[in-house]
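# Working through the structure, step by step
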Amino acid sequence: MKKLSLNALNRFFGEIAEKQTLIAPIERAGQVDFGVWSESETVRLDVLKTVKSAKGAFFPQVEDMVRFHMQGKNIEINPSEVMNEDFVIFGVRACDARSFDLLDRVFLSDPVDPFYAARRAHGTVVTLACNEPEETCFCSNFGIDAAEPAGDVSAWIVGEELYLRANTEKGETLIKDLEDAAEDAAEETKKAIRAVTEQLPFASLNLEGFDGEHLMEKFNDPAWAELSRACLGCGTCTFVCPTCQCYDVRDFDSGNGIQRYRCWDSCMFSDFTLMAHGTNRPTQVERFRQRFMHKLVYFPSNNDGLYSCVGCGRCLSKCPQGLNIVKVIKALGGDK
Ligand code: SF4
Ligand code: SF4
């Protein structure tokens, strides 16, 4: 275990940033989101939920894939370079850290996504335990311990100190020059976090029946109609979600060529995967059902029971209509 006074954090950030890009939760225009650190930025380690999750560090909202330049009858093809420089993402919470495992299953499965794979290889993840879990948090339902976040380095704020433990070689390299500390320095903090987590309102959701065995039963449940009635199809829930991984590939005509890029997409949108014959999900009920069936039934069925929700609670606080996955679990799960 290593330690660092919180007063010295900016100096530590400066040392990291001299060698590689540092991404941290930064306050800009009253909102806290992960962004590139510089001395002039305000880092907010006290804010639990960034507006968008940390997934953008590995799966950006928009990224170029290839450019086609037309010169007469010739076309020059320039594929975008994959990430080739190391970077650090600091202050990732346990829920977002788990989301990287889920995204790995999608993007690192055959065929491997080269853009994502390169970012994963070059990124060092520093996680931070949640000293003050919020009422909308329910990560413990998915086996996530907010007191023991994963990552290359796990960190805990105890009083005016930051304690850091390396979990991987990358992590060891990052913190090797910091002062040594007792291995159990964060134990009391961990106990306190777990005591709060157990008392949270959604700490014990009943996920019984969300498995491959009950797939058609869940699919055909009449409750979907009422659950989705107020859905606007705005996609906010998918854009703030750390585990949503759908994207669209589009072409932009730059005048003398085409810039092909990909950008996050949402199964809540009416034109999602639109084809010449129309769409497979013509109503919002079907789109809404798809989002939650994927997280609670399809994904775990194909991924050793791993749910595609990490209980970050962002959709609980951001949906303009007050719809969310907790309401779905309560309406369709073992408690119904
Ligand atoms: S569930 Fe809420 S956030 Fe998601 S698309 Fe519907 S209205 Fe928007
Ligand atoms: S479904 Fe909601 S609570 Fe679950 S990971 Fe996504 S945003 Fe977080």
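Our structure is the block above this text.
Below is a short write-up of the structure.

Parameters and conventions
- Residues numbered from 1 in each chain as written.
- Chains lettered and ligands numbered in written order.
- Predicted model: local features only at pLDDT ≥ 70, side-chain atom pairs only at ≥ 80, totals over all residues.
- Heavy atoms only, no water.
- Helix = DSSP H or I, 4+ residues; strand = E, 2+ residues; numbered from the N terminus.
- Buried < 20%, exposed > 50% of the residue type's maximum accessible area, 1.4 Å probe, protein only.
- Contact = heavy atoms within 4.5 Å.
- Areas by Shrake-Rupley, 256 points an atom, 1.4 Å probe, with all protein chains shown as cover.
- Near = heavy atom within 4 Å.
- Nonpolar A, V, L, I, M, F, W, Y, C, P; charged D, E, K, R; others polar.
- Core = buried A, V, L, I, M, F, W, Y, C linked by side-chain atoms within 4.5 Å.
- Phe/Tyr/Trp six-rings, centres within 6.5 Å; stacked < 30°, edge-to-face > 60°.
- Salt bridge = Lys/Arg side-chain N within 4 Å of Asp/Glu carboxyl O.
- Axes fitted to C-alpha atoms, helices over the stretch in contact; angles between N-to-C directions.
- Parallel < 35°, antiparallel > 145°, perpendicular 65-115°, else oblique.

A few words on the overall build of the chain. Assigned secondary structure in the chain consists of eleven helices and 13 strands. Taking the principal axes of its C-alpha atoms as reference, the chain extends roughly 65 × 65 × 40 Å. Counting the 336 residues in the chain, one finds 49% classified as buried. For the chain, restricting intrachain contacts to residue pairs at least 6 apart in sequence, the fraction spanning at least 24 positions comes to 70%. Roughly 16,400 Å² of accessible area belongs to the chain as shown, and the carbon and sulfur atoms make up 49% of that amount.

The local shell around ligand 2 consists of Phe138, Cys241, Pro242, Arg291, Lys295, Cys309, Val310, Gly311, Cys312, Gly313, Cys315 and Ile325. Its residues assigned to classes, the shell around ligand 2 comprises eight nonpolar, two polar and two charged.

Moving on, we get to the nonpolar core. If you look at the biggest cluster of nonpolar residues, it comprises 51 residues, and the most contacted ones within it are Phe138, Phe210, Trp224, Phe288, Leu296 and Ile325. Mapped onto this core, the elements with two or more residues apiece are helix 2 (94-107), helix 7 (223-228), helix 9 (284-302), helix 10 (314-318) and helix 11 (325-332). Ranked by residues supplied to this core, first place goes to helix 9 with seven residues. If you look at the next biggest cluster of nonpolar residues, it comprises 23 residues, including Leu9, Ile16, Leu128 and Ala155.

For the rest of this paragraph, the subject is the side chain of threonine 124. Mapping threonine 124 onto the fold places it in strand 8 (residues 123-128). Judged by its relative accessible area of 6%, threonine 124 falls in the buried class. In this structure, threonine 124 is in contact with Phe87, Val88, Ile89, Asp152, Lys170 and Leu174, ignoring residues within four places of it in sequence.

Counted by the stated rule, this structure contains 16 aromatic pairs. Residues tryptophan 224 and phenylalanine 288 carry aromatic rings whose centres are separated by 6.3 Å and whose planes lie at 70° to one another, so their mutual orientation is edge-to-face. One end of the pair, tryptophan 224, is in helix 7; the other, phenylalanine 288, is in helix 9, with 64 residues separating them in the sequence. With a relative accessible area of 1%, phenylalanine 288 lands in the buried category.

Before going further, it helps to spend a moment on unusual backbone geometry. Cis peptide bonds are those with omega within 30 degrees of zero, and the linkage from aspartate 110 to proline 111 qualifies with 0°. Tracing the backbone shows proline 111 in the loop between helix 2 and helix 3 (114-122). Even without being glycine, alanine 29 reaches a positive phi, approximately 50°. Position of alanine 29 among the secondary structure elements: in the loop between strand 2 (21-28) and strand 3 (31-36). Look at aspartate 304: it is not a glycine, yet its phi comes out positive at around 55°.

Here we take up helix 1 (residues 9-19). Because an α-helix completes one turn every 3.6 residues, residues spaced three or four positions apart along the sequence face the same direction. Among all positions of helix 1, only Leu9, Phe12, Phe13, Gly14 and Ile16 are buried. Along its buried surface, helix 1 packs onto strand 1 (2-5), strand 2, strand 4 (42-43), strand 7 (87-92), strand 10 (161-166) and helix 4 (169-175).

Turning our attention to the pattern of salt bridges. On inspection of all chains with the given rule, the structure shows 22 salt bridges. Across the pair aspartate 180 and lysine 2 runs a salt bridge, and its minimum N-O distance is 2.8 Å. In this pair, aspartate 180 is assigned in strand 11 (residues 179-180) and lysine 2 in strand 1, connecting sequence segments 178 residues apart. Classification of lysine 2 as buried rests on a relative accessible area of 16%. Salt bridges sharing common partners tie together Glu63, Asp113, Arg119 and Arg262.

Looking now at the packing of helix 9 against helix 11. Interaxial distance between helix 9 and helix 11 falls to 11 Å at its minimum, and their mutual angle equals 80°. With respect to their mutual orientation, helix 9 and helix 11 come out roughly perpendicular. Counting all contacts with helix 9, which are made through Phe288, Phe292, Lys295 and Leu296, the residues of helix 11 involved are Ile325, Val328 and Ile329. Across the contact of helix 9 with helix 11, the residue classes break down as six nonpolar, no polar and one charged.

These figures capture arrangement, not role.
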